[in-house]
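Structural description and commentary
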Amino acid sequence: MKKYIFIIGLALFAFSCKQSDNTSQKINVDPLPSWNEGTNKKAIIDFVTNITKEGSDKFIPIESRIAVFDNDGTLWCEQPLYFEMVYSIDATKEIATKSAELQKKPEIKALVSGDKATFMKSGEKGVLESFAISHTAVSPDEFDKMAQAWLDTATNAKFNQKYINLTYKPMVELLQYLRNNQFKTYIVSGGSSMFIRNFSQKAYGIPAEQIIGTMFKAEYKNGKISLKPEVWHNDDNVGKPEGIYNIIGKKPVLAFGNSDGDFEMLEWTSTNNSLPNLSLLLHHTDDVREIAYDSLSHIGQLKRGLVEGPAKGWMIVDMKKDFNKVFSYEK
């Protein structure tokens, strides 16, 4: 009997050691392997560690762990033209090919004929017109089919990759790290909700109902939803905190953007917040692996945030210094 008890004791001891080893291994796993070691990575991990530790004076209850992220330029590349705009131009050409009415507009007729240069000369007018046509001239179901087909096949010329592959690996890791710590992650974008919903689950693990973007006016009739070429909510600048408030109903404790279009979202998160919070801006400084731009950029301009952000306690993430990998397709 003593021998039997001794063997059981050894087995239990070995099991406890193994469990201890496993715990140690879990603790030592780097949650953000595509981030370089440094003050920014440490600050992010320290923030998450402190607000999830029960008994800590910085503890945040699970129901209040709300994190919001811009999309273009924050979660995936946005240069030299917003990817959704590229889609809109391609989709408008396809839609207008079958519509004599749309081709009465000179810029749309030029696009259909393959004269993209003339179309682009129409400037903002033509681009916004293509945005409205591509999103509202077809049913929501048809839009989803067209968007999915484009995402499955279209290739970015600069990087020779499908657009959906141009998500930032460090940011995808951060989203997962937050969810592992029981955060609810949202995308809050100037792009349209309907476009982002077609890839957010696959690219980021964020479901369609957690997307807040620019929205067209919807109309219900005879069992169907159709969209009008009228913007119901412009989710940029002040529209971002307004959208968060109206749809989530809670102030975030973490906000991440990359441009002055995200300024108000970060400002609202970091101002008069009763809970510990973290606001971050991604500064595009890498002209080798991506594209370097900030205050003079034609899109994704970051000027006010760089000047005022540090004084507000916002973290400026430097792509060149902080990311050891940039894109998700990198091994």
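Here the structure is shown first, and the text comes after it.
Here is what the cut-offs are and how they apply
- Residues numbered from 1 in each chain as written.
- Predicted model: local features only at pLDDT ≥ 70, side-chain atom pairs only at ≥ 80, totals over all residues.
- Heavy atoms only, no water.
- Helix = DSSP H or I, 4+ residues; strand = E, 2+ residues; numbered from the N terminus.
- Buried < 20%, exposed > 50% of the residue type's maximum accessible area, 1.4 Å probe, protein only.
- Contact = heavy atoms within 4.5 Å.
- Lys, Arg positive; Asp, Glu negative; His and termini not counted.
- Charge placed at Lys NZ, Arg CZ, Asp CG, Glu CD.
- 1 Å grid on protein atoms, 1.4 Å probe; cavity = no way out; pocket = protein on both sides within 12 Å on 5 of 7 lines; lining within 4 Å.
- Points joined across faces, edges and corners; volume = space filled by probe spheres on them.
- Expected span 1.5 Å × (residues − 1).
- Arc of directions from axis to C-beta.
- Polar contact = N/O pair within 3.5 Å; in protein donor to acceptor, adjacent residues only side chain to side chain.
- Pairing = 2+ DSSP bridges.
- Axes fitted to C-alpha atoms, helices over the stretch in contact; angles between N-to-C directions.
- Salt bridge = Lys/Arg side-chain N within 4 Å of Asp/Glu carboxyl O.

If you tally the helices and strands in the protein chain, you get 14 helices and nine strands. Each principal axis of the C-alpha atoms in the protein chain carries an extent, and together these give about 95 × 50 × 45 Å. Across the 331 residues that make up the protein chain, the buried fraction comes to 47%. Looking at the protein chain alone, contacts between residues at least 24 apart form 66% of all its contacts between residues at least 6 apart. For the protein chain, the separation between the mean place of its 40 positive charges and that of its 41 negative charges on side chains is 6 Å.

This brings us to the layout of surface pockets. The space that makes up the largest pocket amounts to roughly 730 Å³. Together, 28 residues line the largest pocket, and Tyr 82, Met 85, Gly 190, Gly 191 and Asp 236 are the ones closest to its centre. Counting residues per element, the ones that place at least two in the lining of the largest pocket are helix H3 (83-96), helix H6 (123-136) and strand E4 (184-192). In terms of residues, the lining of the largest pocket owes the most to one element, H6, which gives four residues. Quantified by volume, the second largest pocket comes out at close to 250 Å³. As for the second largest pocket, its lining consists of Pro 140, Asp 144, Ser 193, Met 194, Arg 197, Thr 214, Met 215, Phe 216, Lys 217, Ala 218, Leu 227 and Trp 232. Elements that contribute at least two residues to the lining of the second largest pocket include exactly helix H7 (140-153), helix H9 (193-196), strand E5 (211-221) and strand E6 (224-233). Here the lining of the second largest pocket gets five residues from one element, more than from any other, and that element is E5.

Next up on the list: H7. Its 14 residues place the ends of H7 20 Å apart at the C-alpha level, agreeing with the 20 Å of an ideal helix rising 1.5 Å per residue. When H7 is considered as a whole, its buried residues turn out to be Phe 143, Met 146, Ala 147, Trp 150 and Leu 151. Projection of H7 onto a plane perpendicular to its axis shows the buried side chains occupying an angular sector of 130°, all on one side. Across from the buried face of H7, at angles greater than 90 degrees, the exposed residues are Asp 141, Lys 145 and Thr 153. At its buried positions, H7 is contacted by H3, H6, strand E3 (161-162) and H9.

Another point: unusual backbone geometry. Here the amide bond leading from Gln 79 into Pro 80 is cis, since omega sits at 0°, within 30 degrees of zero. Assignment of secondary structure puts Pro 80 in the loop between strand E1 (66-69) and H3. Its identity is not glycine, yet Asn 160 carries a phi of approximately 55°, on the positive side. Note on placement: Asn 160 falls in the loop between strand E2 (155-156) and E3. In this structure, Asn 237 is a non-glycine residue whose phi angle is positive, near 55°. As for its position among the elements, Asn 237 is in the loop between E6 and helix H11 (239-247).

Following the sequence through the fold, Thr 74 ends up in the loop between E1 and H3. Here Asp 70 takes part through its side chain, which lies 2.9 Å from a polar atom of the side chain of Thr 74. Of the polar contacts made by the side chain of Thr 74, one reaches the side chain of Asn 258; its length is 3.2 Å. The contacts of Thr 74, once residues within four sequence positions are left out, are Tyr 168, Met 171, Phe 256, Gly 257, Asn 258, Asp 262 and Leu 282.

Here we take up the sheet that holds E6. Strands sit in the order E6-E5-E4-E1-E7-E8-E9 across an open sheet of seven strands; the sheet is mixed. Sheet topology places E6 and strand E9 (315-318) at the edges, where each strand pairs with a single neighbour. For this sheet the average axis-to-axis angle between neighbouring strands, irrespective of direction, equals 35°. One ladder, built from four bridges, connects strand E7 (residues 254-257) with strand E8 (residues 278-283); its direction is parallel.

Below, the discussion takes up the pairing of E7. The alternating pattern of E7 places Leu 254 and Phe 256 and Ala 255 and Gly 257 on opposite faces, both of which are buried. Examined bridge by bridge, E1 and E7 share three bridges and lie parallel to one another. In the sheet register, Ala 67 faces E7, and the bridge partner there is Leu 254.

Applying the stated criterion to the full structure yields twelve salt bridges. For Asp 70, the salt bridge identified is with Lys 240, shortest N-O distance 3.0 Å. With Asp 70 in the loop between E1 and H3 and Lys 240 in helix H11, this residue pair connects regions lying 170 residues apart in the sequence. Residue class for Lys 240 comes out buried when judged on its relative accessible area of 1%. Between Lys 125 and Glu 107 there is a salt bridge whose closest N-O contact spans 2.8 Å. One end of the pair, Lys 125, is in helix H6; the other, Glu 107, is in helix H4 (residues 106-112), and 18 residues separate them in sequence. Here Glu 107 falls in the buried class, since its relative accessible area comes to 10%. Via salt bridges that share partners, Asp 30, Glu 37 and Lys 41 belong to a single interconnected network.

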